[in-house]
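Coordinate analysis (summary)
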Amino acid sequence: MEKRHILKMDATNIASAIKRKQLTSVEAVTAFIEQIKVVNSSINAVVEDRFSEALQEAKEADALLQKNVSLGKLHGVPISIKECLHVKGMKTTGGLEHRQDLIYKEDAEVVHQLKQEGAIILGKTNTPALCFCQETDNKLYGRTNNPWDVTKTAGGSSGGEGALLAAGGAAVGIGSDIGGSIRFPSHFNGIIGFKPGKDTVSTKGHFPSVQHELQQRMLSIGPMGKSIEDMQLVYEILSKPAFSSQLLHEFKIEILPMNLGYPLSTKTKQLLGQLENFLERIYGVQQIMPPYFRESALIWQEIMSINGSKLVEDEAFNNDRSGLIRSFLKEKLRQRTNVHPYLSWAIIGAKMFKPSQKRVQEIVDILQQGDELLKTYLDKRLLILPVYYQSALDHGQVFKEIFSIRKTYLQYMPYAAYANAWGLPALTVPVGEDDKNMPIGVQIISGVGNEDAIFRLGKLLTKRFRGYKMAEMTDR
């Protein structure tokens, strides 16, 4: 099979072709390894590879197939894993220099589940330091670039995954999301990503681990890739509850109004209007702001700032006696330190926005009330929201917008923060491009248990609108 054709195939089709003996695992693994070697010098997505081990595992997978052994759902399929997830025999650094020699002896729970189904891991992909930013850059591995335009951000914190998959470097990948970290890169790089709802996928073996039970409800691990079919396949492998088949016509579809006073580019508004017109002809659509939408960005930020991110600070400055403020100021004065200023400033912000114990209790009460209300509201309802107000920006710009001392996150984060604050499943689908051919995606959000309906609507939109396209990359 031609290499270019393999690179555009999703995991579902590769698994099927391997089982039907139309394609060998060795051919698939080799094709993606060769592609990574071509594109990675430009995008810096893969930070640690296991190419020789992957090729050996591919040979073993092909040998098993000849013996008609019972095969897993991803038998022989090459995948990529976000750096923050433990993989046996590989590093988990969080982008910190003092962790660069730490090799893990056990797999994260999701990695174990994927290996059980026959997946072959090609390598691990870049993140911001400690996954604490929506842009991907750190002192250990450097910056990841968007394959559609290397001067633009790949997003974060699963930015390495987003860039690699857009450049055709793996069949499917795994990211994590506590503040849009699957959805920002999916939107900016033009891939499909699924953030599962709370308590549906194990987060065991994710670094850093969450510091508070309220943060646990916001953190999800989920698939990123080229098709809705892959999102469904991988979610079925990873999720605890089985989800049932649903009929789309039984659901109300609501699109977020565009006149709420939050930033939104002209092109994004046009695409939302086109979605509405398309769906209106089939299902009937309303423009409605969902409950608790305006409160969600503040709740998200306050939950992220509980304890002033002390555990993150302790990890970041493990061997650095210079301290947080001094490190940040030194970096600003062009003196190199061991901690990226994105992380230093984010921790400073967490200290500034740290909620009091009284406020934490108020948040607990709000979440209890909101969970009950949304359980009813989202029973047979699908929401369509933007991910960010426009396509990928220049490197550093998203950080400035979200981590400003002027609290501009209240303008820019509501779209992404909504699914995190309320622990909701959210599927990102590329639906168009701006005038510079940079991808634009939207989110489909509903309650836990409505995943099948989310995937069905996603399939409908990918058939009618942009869907996944592979970025045309050459070695630059």
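Just above, that's the structure.
Definitions and limits used
Residues numbered from 1 in each chain as written. Predicted model: local features only at pLDDT ≥ 70, side-chain atom pairs only at ≥ 80, totals over all residues. Heavy atoms only, no water. Pairing = 2+ DSSP bridges. Helix = DSSP H or I, 4+ residues; strand = E, 2+ residues; numbered from the N terminus. Axes fitted to C-alpha atoms, helices over the stretch in contact; angles between N-to-C directions. Phe/Tyr/Trp six-rings, centres within 6.5 Å; stacked < 30°, edge-to-face > 60°. Buried < 20%, exposed > 50% of the residue type's maximum accessible area, 1.4 Å probe, protein only. Lys NZ or Arg CZ within 6 Å of the ring centre and 35° of its normal. Polar contact = N/O pair within 3.5 Å; in protein donor to acceptor, adjacent residues only side chain to side chain. Contact = heavy atoms within 4.5 Å. Salt bridge = Lys/Arg side-chain N within 4 Å of Asp/Glu carboxyl O.

Below, the discussion takes up the sheet that holds strand 13 (residues 381–386). The sheet built from eleven strands is open, its strands ordered 1-3-2-8-10-9-14-15-13-11-12 with mixed pairing. Each edge of the open sheet is held by one strand with a lone partner, namely strand 1 (46–49) and strand 12 (285–287). For this sheet the average axis-to-axis angle between neighbouring strands, irrespective of direction, equals 30°. Looking at chain direction, strand 11 (residues 252–255) and strand 13 are connected through four bridges and run parallel.

To continue, consider the packing of aromatic side chains. Within the structure shown, the criterion is met by 19 aromatic pairs. Pairing Tyr389 with Tyr412 gives two aromatic rings, centres 5.1 Å apart and planes at 45°, and the pair type is tilted. You can see Tyr389 sitting in the loop between strand 13 and helix 16 (397–402) and its partner Tyr412 sitting in helix 17 (residues 409–412), a full 23 residues away along the chain. The burial state of Tyr389 is the same as that of Tyr412; both residues are buried. Members of the aromatic cluster, each reached through a chain of ring pairs, are Phe184, Phe188, Tyr388, Tyr389 and Tyr412. Here the guanidinium or amino end of Arg99 rests over the ring plane of Phe207, the centre of that ring lying 3.7 Å away.

Next up on the list: the side chain of Thr136. Its location among the elements puts Thr136 in the loop between strand 3 (120–125) and strand 4 (137–138). When its relative accessible area of 3% is taken as the criterion, Thr136 is described as buried. Reaching out from Thr136, the side chain makes a polar contact with the backbone nitrogen of Gly159 at a distance of 3.3 Å. The residues contacting Thr136, other than those within four sequence positions of it, are Asn126, Thr127, Pro128, Gly142, Arg143, Thr144, Gly155, Gly156, Ser157, Gly159 and Gly160.

All right, on to the pattern of salt bridges then. Side chains that differ in sign of charge can pair as their charged atoms come close. Going through the model one piece at a time under the given rule, you end up with 15 salt bridges. Ionic pairing is found between Asp371 and Arg217, a salt bridge with its closest N-O pair at 2.8 Å. Here the residue Asp371 occupies a position in helix 15 (residues 357–377), and Arg217 occupies one in the loop between helix 8 (213–216) and strand 10 (220–225), the gap between them amounting to 154 residues. Overall, the relative accessible area of 10% leaves Arg217 in the buried class. One salt bridge connects Arg359 with Glu302, and the closest N-O pair in it is separated by 2.8 Å. Taken together, the residues span a long stretch of sequence, with Arg359 in helix 15 and Glu302 in helix 11 (residues 293–304) at a distance of 57 residues. Per residue, the accessibility class of Arg359 equals that of Glu302, and both read buried. Overlapping salt bridges, with partners in common, bring together Lys198, Arg217 and Asp371 in one network.

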